[in-house]
Amino acid sequence: MNSAELSQIIADILDAKKADEVSVLPVGPKTTLTEYFVLASATTPNHAKALEDELTYQIKEKFDLTPLAVEGLESGRWILVDYASVVVHIMCKQDREFYDLEKFWTKKEAESLSPEDDAFSSE
C-alpha cells in the first residue's frame, strides 16, 4: 500500500466515525517530513479522542501498522497521529479554524522582498 492509498483509507475511517471536514493534503513537494496530511475536525475533545482510537485500532487490525507517535491525547484539542508518510491531524473545530493548516500548506510561495518594499522602509 502506498502513501496515497493509506491517506485515503485514513480519511474514509475518520469520515465513517463522523469526523467533519475530512481532507487530504499532498504536502510531499513542500516538506521532507511526510507525503500527506489528513485533516479532520472533531466536535469535542472526547470526539477527537474517539476518532484517534478508532483510527489506530482499524489501521492496526487491517494493516498491522502502528503509528510512530501519537501526540495531544491529554487535551484532545489537536491530536497528531504519525504514520511516517501520512500524518493525521484531528482538531477541534475552533482550533482548526484558528491554525488553518490547509491555507498554510497550500498558499503560494511568498515573493521575495526587495529593499524598495514597504517592509524595509525606515518610516
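Residues numbered from 1 in each chain as written. Predicted model: local features only at pLDDT ≥ 70, side-chain atom pairs only at ≥ 80, totals over all residues. Heavy atoms only, no water.

Colleague: In this structure, what is going on with the confidence of the model for the chain? I would like to understand it.
Modeller: Detailed reading of the predicted model is not advised wherever pLDDT is low. Here the chain averages 84 in pLDDT, while 78% of its residues score no lower than 70. Ranking the helices and strands of the chain by mean pLDDT puts helix α2 (residues 45–63) first, with 97, and helix α4 (residues 101–106) last, with 65. (pLDDT = per-residue confidence, 0-100. Helix = DSSP H or I, 4+ residues; strand = E, 2+ residues; numbered from the N terminus.)

Colleague: Would you mind showing me how to read the packing of helix α1 (residues 3–16) against α2 here?
Modeller: The description of two helices packed together rests on the angle between their axes and the distance between the axes. Across the interface, α1 lies against α2 with an axial gap of 10 Å and an inter-helix angle of 130°. Looking at the two axes, α1 sits oblique to α2. Where α1 crosses over α2, the two elements pack in a sense that is right-handed. Note on element contacts: α2 touches α1 through Leu51, Glu54, Leu55, Gln58, Ile59 and Phe63, opposite Leu6, Ile9, Ile10, Ile13 and Leu14. In the contact of α1 with α2, the residues fall into 9 nonpolar, 1 polar and 1 charged. (Axes fitted to C-alpha atoms, helices over the stretch in contact; angles between N-to-C directions. Parallel < 35°, antiparallel > 145°, perpendicular 65-115°, else oblique. Left-handed = near helix turned anticlockwise from the far one by under 90°. Contact = heavy atoms within 4.5 Å. Nonpolar A, V, L, I, M, F, W, Y, C, P; charged D, E, K, R; others polar.)

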